[in-house]
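Next come the chains, spelled out residue by residue.
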Amino acid sequence: MPTIPLVDLQAQYRSIKTEIDAAIQGVLDRGQFILGPEVEALEQEVAVACGTRYAVAVASGTDALELSLRACGITTGDEVITTAYSFFATAEAIVAVGATPVFVDIDPLTYNLDLRRLESHITPKTRALLPVHLYGHPCAMDQVMAIAKQHHLRVVEDCAQAIGARYRAQAVGAFGDAGALSFFPSKNLGGYGDGGMVVTSDPAIADQIRLLRTHGSQGKYWHVALGTNSRLDELQAAILRVKLRHLDRWNATRRHHATRYTEQLAKLSLPELVVPTVVPHAEHVYHQYTVRVTQRDQLKESLTQAGISAQVYYPSILPAQPALAPCVSRSRSYPEAEQACHQVLSLPMFPELSGETIDQIVRQIARALHPSRLPA
Ligand SMILES: Cc1ncc(COP(=O)(O)O)c(C=O)c1O
């Protein structure tokens, strides 16, 4: 393990060990393991946190996306507009429901789908928009919703990296028809296994996802739809309920760390290094603190040598993924997303990180890029 990891899940566990252990013990004592009181309570608590009427727990963020699209009626022959720059699951979910992903290049400042380019991608087959709040920076959802309304499109928000992020004081996931959350362990609200949730204020969508997650069954052994097995287990829900109580504080601490990184990096005046931008009205939750630097690979290598973990999210754009080749239009290009692939680097970011460690990382960045500008 590097001296300074990208994420330190053990440090987080140690900080809440008593609460977590008690929650796990409670589930073991009750003996109900799949969907149950912990899942129901978590659903209510996440709905409150996101400002939606409903939340429905599923087995992963990927399932949350796919089932949201299905519940919105997206199917074969439909087109869904999304970003060219995200984790693969964003596009995979669209293809899984039989639809075609239509990719839009990104805004180079926020790394989110470029809303200025979005409308030119709408065709008579477009049925939905799937914006991703990448790295925890919320998309400008008022603009997304205005475009959706004008063109009668459904909106599914990919909130996998952004639980707790807000745009104009409203939580992500509460703008569109549905929002998909991931509880993958390293996420801002991560379980100790896979998990996900759909947040929505539409009762029909909530009902449909409840149906689909349990094999389309209405009552025992009576199946009215072809669904799947996508249920959250009680252990994960109990763990996530404990962690949810700390989420606002953890997200605030991430913001605090981001400010320290940005201030310390600014002191170095490195023209080739760009710190994250936060647009007006956006409340970033820094799932990643991602800088952009021309000598990215050299910097990454130097940090690795110094025992500091840093990662590239993502080294390839979605339209270049071999599995998506059959659905990608060759006439389109994504220059901003391509450039991001070559330049982005995510630095260690987790609530338990200390200010001194951030200063140490910044010193190593200075040493790697400009040895002469090392801060005193
Ligand atoms: C943007 C994005 N969308 C979707 C997912 C899929 O979530 P999960 O891993 O819980 O299936 C992830 C998780 O890595 C993600 O980062």
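This structure is a prediction, so every number in the text was calculated from the model and none was measured.

(A) Fine view of the overall build of the chain. Assigned secondary structure in the chain consists of 12 helices and 13 strands. A globule of 376 residues ought to have a C-alpha radius of gyration of about 21 Å, and the chain, at 21 Å, matches this closely. Considering only C-alpha atoms, the chain reaches an extent of 70 × 55 × 35 Å along its principal axes. Sorting the 376 residues of the chain into buried and exposed places 47% on the buried side. Counting contacts in the chain only where the partners sit at least 6 residues apart, residues at least 24 apart contribute 71% of the total.

(B) Here's a closer look at the sheet that holds strand β2 (residues 79-83). Read from one edge of the open sheet, seven strands run β1-β9-β8-β5-β4-β2-β3, paired in mixed fashion. Looking at the sheet topology across the chains shown, the edges are occupied by β1 (54-58) and β3 (100-104). For this sheet, the mean inter-axis angle between neighbouring strands, taken without regard to orientation, is 25°. Strand direction decides the pairing type here: strand β4 (residues 126-130) and strand β5 (residues 154-158), joined by two bridges, are parallel. The partner of Leu-129 across the bridge, within β5, is Val-155. Where helix α5 (residues 88-96) meets the sheet, it contacts β2, β3, β4 and β5, and its direction lies at approximately 180° from that of β2.

(C) Geometry of the nonpolar core. Core analysis: the largest hydrophobic core is formed by 111 residues, its most contacted members being Leu-69, Ala-128, Met-197 and Val-198. Sorting elements by how many residues they give to this core places helix α9 (residues 234-267) first, with eight residues. Both domain 1 (9-106 + 113-242) and domain 2 (248-373) contribute no fewer than three residues apiece to this core. Each residue touching Met-197, except ones within four places of it in the same chain, is listed here: Val-46, Ala-55, Val-56, Ala-57, Val-58, Ala-64 and Leu-181.

(D) Local environment of the domain arrangement of the chain. You can read the domains of the chain as domain 1 (9-106 + 113-242) and domain 2 (248-373). Using only C-alpha atoms to locate each centre, domain 1 and domain 2 end up separated by 25 Å. Counting residues at the interface gives 29 residues for domain 1 and 30 residues for domain 2. Broken down by secondary-structure element, the contributors of at least two residues to the side of domain 1 that touches domain 2 are α1 (9-15), α5, β3 and β6 (166-167). Across the side of domain 1 that touches domain 2, the residue classes tally to 16 nonpolar, nine polar and four charged.

(E) Geometry of the sheet that holds strand β10 (residues 273-274). Taken in spatial order, the three strands line up as β10-β12-β13 in an open sheet, and their pairing is antiparallel. Single-partner strands in this sheet number two, and they are β10 and β13 (344-347). Note that β10 and strand β12 (residues 289-293) share two bridges and pair antiparallel. Paired with Leu-273 across the strands is Val-293, a residue of β12.

(F) Structural view of the pairing of β12. Counting buried residues along β12, five of its five residues qualify, which places the element largely inside the surrounding structure. Every second residue of β12 is oriented toward a common face, with Tyr-289, Val-291 and Val-293 on one face and Thr-290 and Arg-292 on the other, all of them buried.

(G) Seen up close, the packing of helix α3 (residues 37-50) against α9. Close contact between α3 and α9 brings their axes to 8 Å; oriented N to C, the two are set at 35°. The two elements α3 and α9 cross, and the hand of that crossing is left-handed. Between α3 and α9, the residues in contact are Glu-38, Val-39, Ala-41, Leu-42, Glu-45, Val-46 and Ala-49 and Glu-234, Ala-237, Ala-238, Leu-240, Arg-241 and Leu-244, respectively. Looking at the contact of α3 with α9, its residues break down into nine nonpolar, no polar and four charged.

(H) Expanded view of the site of the ligand. Neighbouring the ligand are 15 residues, the closest being Ser-60, Gly-61, Thr-62, Ala-160 and Ser-182. Of all elements in the fold, only α4 (61-71) and α5 reach the threshold of two or more residues within the shell around the ligand.

(I) Geometry of the environment of Thr-228. You can see Thr-228 is positioned in the loop between α8 (203-213) and α9. When the C-alpha atoms of Thr-228 and Arg-210 are compared, they prove to be 11 Å apart, with 18 residues separating the residues in sequence. Each residue touching Thr-228, except ones within four places of it in the same chain, is listed here: Leu-212, Arg-213 and His-215.

(J) Representation of the packing of α4 against α8. Interhelical geometry of α4 versus α8 gives an angle of 120° and a closest axis separation of 9 Å. Classified by the angle between their axes, α4 and α8 sit oblique to one another. Handedness of the crossing formed by α4 with α8: right-handed. On α8, the residues that touch Leu-67, Arg-70 and Ala-71 of α4 are Ile-205, Gln-208, Ile-209, Leu-212 and Arg-213. Here the contact of α4 with α8 is built from residues that sort into five nonpolar, one polar and two charged.

(K) Representation of the environment of Tyr-192 in the model. With respect to the helices and strands, the residue Tyr-192 is situated in the loop between β8 (178-182) and β9 (196-200). The partly exposed category is assigned to Tyr-192, around which 16 C-beta atoms lie within 10 Å. Separated by 163 residues in the primary sequence, Tyr-192 and Gly-355 place their C-alpha atoms 27 Å from one another. If we ignore the near neighbours within four places in the chain, the residues touching Tyr-192 are Pro-185, Gln-236 and Ile-239.

About the cut-offs
- Residues numbered from 1 in each chain as written.
- Predicted model: local features only at pLDDT ≥ 70, side-chain atom pairs only at ≥ 80, totals over all residues.
- Helix = DSSP H or I, 4+ residues; strand = E, 2+ residues; numbered from the N terminus.
- Rg over C-alpha atoms; globule rule 2.2 N^0.38 Å.
- Buried ≥ 20, exposed ≤ 12 C-beta atoms within 10 Å, placed from the backbone.
- Contact = placed C-beta atoms within 7 Å.
- Pairing = 2+ DSSP bridges.
- Axes fitted to C-alpha atoms, helices over the stretch in contact; angles between N-to-C directions.
- Core = buried A, V, L, I, M, F, W, Y, C linked by C-beta atoms within 7 Å.
- Domains from an automatic or database assignment.
- Nonpolar A, V, L, I, M, F, W, Y, C, P; charged D, E, K, R; others polar.
- Left-handed = near helix turned anticlockwise from the far one by under 90°.
- Near = placed C-beta within 6 Å.
- Parallel < 35°, antiparallel > 145°, perpendicular 65-115°, else oblique.

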